[in-house]
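In case you want the letters, here they are:
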Amino acid sequence: TGAIGLYNVGQTCCLNSLLQVFLMNIHFTGILRRITVPPCARQRSRNVPYQMLLLLEEMQCGKQKAVSPVALARCLSVHRVKLFVQHDAAQLFLTVWNLIKKQMKKPELVEKLSYLYTICVQEHLACQKCSLETKRNSSMLTLPLPVLDSNSQRLKTLEDCLQCFFSPEELTHHNMCFCEQCGRRTPFLQSMKLVHLPQTLTIHLKRFCFEKSANVRKLSHYLPFPQDLDFNAVLTENQCQADDNEKAGWQYELFAVVAHSGSSSCGHYCAYIRSLTECKWYCFNDSEVCQVSWDDVKCTYGHSNLHW
């Protein structure tokens, strides 16, 4: 029936944008359709995956231009997700994803969900006074990329942001770590190496900085990103910890952009999403949905007077 909007039920533009990105991803909805339906009404009202499935079915079966996510919003509030407040998209994405993963009862679906979204990196710490080196693998849901370099200068492209994230960093002065071999705090060299990328990669631009007054300021400068991204062309061999079979899948096509206009304390979210079945871009602005061009999507590159 075409792309369907979601009514704003009280400062839910951030939630609406994230829900549209989830539900427009046919790989995610394929997992969602296989969940176990909770046996009683009370459990169903508190189950996030089930409420998302009901919302998906209402969006696909109805002929109205938009539907209300109020039942899912109530379900999330039971799990301490606040309503009627300003949310940060990356933080809310992590919260909702964790609830979905926790409430999926089938282990094979949890495994599929993790394969679809989870990133794996290896953190290296090397003491600069001796030969001690430690390695630790960790998982993350998003790649939190800086938009400023170590000298607080603006990075110019998404590829620059990726290079900055995976570049070694010296931990000196008050950032020094305790070295067990030296028996004291010493300078360390910290670096990240990429181990595994998921089927759907989520990148989070850290468009904020902390000022001396303890205020948080949004960084709205222009930062372009490509429609196609090949990590093998961006990262060096030293920045990867993976075999050739793994690296062969590190090529991506842009699927969605969750965009924010406004300041760090208030504003509005909408989502630009490319339909995987139609290969057309749509702008989801709460209940309003319209087809857009790639030039429209490029408006989300950012600048101080952003207008969609």
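Heads up: the structure comes first, above all this text.
Just so it is clear, the model here is predicted, and its values are computed rather than measured.

Quick look at the packing of helix 1 (residues 13-23) against helix 6 (residues 89-103)
Angle between the axes and distance between the axes are the two parameters that describe a pair of packed helices.
Thinking step 1. Taken N-terminus to C-terminus, the directions of helix 1 and helix 6 make an angle of 55 degrees; their axes are 10 Å apart at the nearest point. On the basis of the axis angle, helix 1 is oblique to helix 6. For the element pair helix 1 and helix 6, the recorded crossing hand is right-handed. Side by side, helix 1 and helix 6 meet where C14, L15, L18 and F22 of the first sit next to A89, L92, F93, V96, W97 and I100 of the second.

Some remarks on the nonpolar core
Thinking step 1. Ranked by internal contacts, the top residues of the largest apolar core, which has 41 residues, are F22, F28, M52, I100 and Y117.
Thinking step 2. Elements with a minimum of two residues in this core: helix 1, helix 2 (26-32), helix 4 (48-61), helix 5 (70-78), helix 6 and helix 7 (107-117).
Thinking step 3. Setting aside chain neighbours within four positions, we find M52 in contact with L19, F22, L23, F28, L32, L72 and I100.
Thinking step 4. Of all hydrophobic cores here, the second largest spans 36 residues; its members include L145, V257, C270 and C283.

Topic: helix 4
Thinking step 1. A rise of 1.5 Å per residue sets the reference length of helix 4, with its 14 residues, at 20 Å; its end C-alpha atoms lie 20 Å apart and thus fit the reference within 8%.
Thinking step 2. At the N-terminal boundary of helix 4, the capping side chain belongs to N47, with an oxygen 2.9 Å from the backbone nitrogen of Y50.

Section: unusual backbone geometry
Thinking step 1. You will see that H173, though not glycine, has its phi angle at about 55 degrees, which is positive.
Thinking step 2. Turning to its location among the elements, H173 is positioned in the loop between strand 6 (169-171) and strand 7 (177-179).
Thinking step 3. We classify H173 as exposed; its relative accessible area is 65%.

Section: empty space enclosed by the protein
Thinking step 1. Per the stated rule, a full pass over the model turns up two cavities of 30 Å³ or more.
Thinking step 2. The space that makes up the largest cavity amounts to roughly 80 Å³.
Thinking step 3. Residue lining of the largest cavity: Q11, T12, C14, L15, L76, V81, K82, L83, F84, V85, H87 and L92, and that is the complete set.
Thinking step 4. Its residues assigned to classes, the lining of the largest cavity comprises eight nonpolar, three polar and one charged.
Thinking step 5. In this model, the second largest cavity occupies a volume close to 30 Å³.

Rules used in this analysis
Residues numbered from 1 in each chain as written. Predicted model: local features only at pLDDT ≥ 70, side-chain atom pairs only at ≥ 80, totals over all residues. Heavy atoms only, no water. Axes fitted to C-alpha atoms, helices over the stretch in contact; angles between N-to-C directions. Helix = DSSP H or I, 4+ residues; strand = E, 2+ residues; numbered from the N terminus. Parallel < 35°, antiparallel > 145°, perpendicular 65-115°, else oblique. Left-handed = near helix turned anticlockwise from the far one by under 90°. Contact = heavy atoms within 4.5 Å. Core = buried A, V, L, I, M, F, W, Y, C linked by side-chain atoms within 4.5 Å. Buried < 20%, exposed > 50% of the residue type's maximum accessible area, 1.4 Å probe, protein only. Expected span 1.5 Å × (residues − 1). Polar contact = N/O pair within 3.5 Å; in protein donor to acceptor, adjacent residues only side chain to side chain. 1 Å grid on protein atoms, 1.4 Å probe; cavity = no way out; pocket = protein on both sides within 12 Å on 5 of 7 lines; lining within 4 Å. Points joined across faces, edges and corners; volume = space filled by probe spheres on them. Nonpolar A, V, L, I, M, F, W, Y, C, P; charged D, E, K, R; others polar.

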